[in-house]
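Topology and contacts: notes
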Amino acid sequence: MRLVLVGPPGAGKGTQAEFVAAMLAVPKISTGDIFRANVGRGTPLGVTAKRYMDAGRLVPDEVTINMVADRLADSDAVYGFLLDGFPRTTPQAIALDELLCSRETKLDVVLELVIEEDEVIRRLSGRRTCRGCGKIWHIEFDPPRATDQCDRCGGVLFQRDDDRAATIAERLRVYDRDTAPLTDYYGAQGRLVGIDGTGPVEDVTARTGDALRSYLG
Ligand code: AMP
């Protein structure tokens, strides 16, 4: 199975991606995670990506497409994958189709998490990440016992630069302009399955599972 998961920032793509990847036994490939790992290691790719990420903008297509093409060439992705956060622009979607076509394969399904903008803002602005183990908490929906400390590992919690209010507004603007048109692109291919992304995580996960089971028949 080759899948793509799209949806605005804060729609819960990361959580649903974990679930779907485990359900279908395919690797989860998150471009945001790969960029963040490179930022953490201070690689040239990370230095380039950080400039865009901190401003709430997209890393240029050429950089992102090459990175994904490399990752999809790894042996674990040969028979299937779930892409989380890629593609995010029409040129990226076209490049992915071309890449898969050159390997005589294609995408099976594109899952779209659908959620209102004010819900996205509440979710993102309350998000805190642990410096120690990377676990994501939420000051409103999943608060740790102490405000700035991770219950799991005791690490210090921080707010990602791209989760700050001004950056969130920019990320949403970029989503509407560059990424939302992908629903037309994949809709026209008949591959798009919409999932209501509102409400508690367990409900969204249940809907995702149902949508996949009915799509797979
Ligand atoms: P995410 O964790 O998916 O929200 O990604 C965090 C940031 O990484 C985004 O705000 C972008 O700056 C960058 N990024 C992730 N995926 C892509 C992509 N497919 N194209 C361009 N930039 C991306």
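Here goes a summary of the coordinates provided. (Residues numbered from 1 in each chain as written. Predicted model: local features only at pLDDT ≥ 70, side-chain atom pairs only at ≥ 80, totals over all residues. Heavy atoms only, no water.)

This brings us to the sheet that holds strand β6 (residues 136-138). Spatially, the 3 strands line up as an open sheet ordered β6-β5-β7, and their pairing is antiparallel. Lying at the two open borders of the sheet, with one neighbouring strand each, are β6 and β7 (157-158). Pairing of strand β5 (residues 127-130) with β6, which is carried by 3 bridges, proceeds in the antiparallel orientation. Bridging across to β6, Thr 129 finds its partner in Ile 136. Packed onto the sheet, helix α6 (residues 117-125) meets β5 and β6 and runs at close to 35° relative to β5. (Pairing = 2+ DSSP bridges. Helix = DSSP H or I, 4+ residues; strand = E, 2+ residues; numbered from the N terminus. Contact = heavy atoms within 4.5 Å. Axes fitted to C-alpha atoms, helices over the stretch in contact; angles between N-to-C directions.)

A grouping of Glu 116, Glu 117, Asp 118 and Asp 176 is seen on the molecular surface, where their side chains present a negatively charged patch. Counting through the fold element by element, Glu 116 comes out in the loop between β4 (109-114) and α6. (Patch = residues over 30% accessible without salt bridge, like charges linked within 9 Å, V, L, I, M, F, W, Y side chains within 5 Å. Areas by Shrake-Rupley, 256 points an atom, 1.4 Å probe, with all protein chains shown as cover. Salt bridge = Lys/Arg side-chain N within 4 Å of Asp/Glu carboxyl O. Lys, Arg positive; Asp, Glu negative; His and termini not counted. Charge placed at Lys NZ, Arg CZ, Asp CG, Glu CD.)

A word on the pattern of salt bridges. For the coordinates displayed, the defined rule picks out 21 salt bridges. Across the pair Arg 177 and Asp 178 runs a salt bridge whose closest N-O atoms are separated by 3.0 Å. Residue Arg 177 is classed as partly exposed on the basis of its relative accessible area, which comes to 48%. Connected through shared salt-bridge partners, Glu 18, Lys 28, Asp 33, Arg 36 and Asp 84 make up one network. (Buried < 20%, exposed > 50% of the residue type's maximum accessible area, 1.4 Å probe, protein only.)

Before going further, it helps to spend a moment on the pairing of strand β1 (residues 2-6). Here β1 lies mainly inside the structure; 5 of its 5 residues are buried. Of the two faces of β1, both are covered, the one formed by Arg 2, Val 4 and Val 6 as well as the one formed by Leu 3 and Leu 5. When β1 meets strand β3 (residues 81-84), the two strands line up parallel, connected through 4 bridges. Looking across to β3, one finds that Val 4 is bridged to Leu 83. Inspection of the sheet shows β1 paired to β4 by 4 bridges, in the parallel sense.

With an omega of -5°, the peptide bond running from Phe 86 to Pro 87 counts as cis. Despite not being glycine, Ala 25 has its phi angle at roughly 55°, a positive value. With respect to the helices and strands, the residue Ala 25 is situated in the loop between α1 (13-24) and β2 (28-30). Residue class for Ala 25 comes out exposed when judged on its relative accessible area of 68%. Even without a glycine there, the phi angle at Glu 104 is positive, about 55°.

Turning to the sheet that holds β4, a few remarks are in order. Backbone hydrogen bonds are what pair the strands of a sheet, in a parallel or an antiparallel way. The 5 strands are arranged β2-β3-β1-β4-β8 in an open sheet whose pairing can be described as parallel. Of all the strands in the sheet, the pair left with one neighbour each is β2 and β8 (192-196). When strand polarity is set aside, the average angle formed by the axes of neighbouring strands in this sheet is 20°.

What follows is about α1. Taking 1.5 Å per residue as the helical rise, α1 with its 12 residues ought to reach 16 Å, and the 16 Å between its terminal C-alpha atoms agrees with that figure. Every buried residue of α1 is listed here: Lys 13, Gln 16, Ala 17, Val 20, Ala 21 and Leu 24. Relative to the axis of α1, the buried residues are bounded by an arc of 135° and lie together on one face. Where α1 is buried, its residues contact β1, β2, β3, β4 and α9 (201-216). The positive-phi residue at the C-terminal boundary of α1 is Ala 25, with phi of around 55°. (Expected span 1.5 Å × (residues − 1). Arc of directions from axis to C-beta.)

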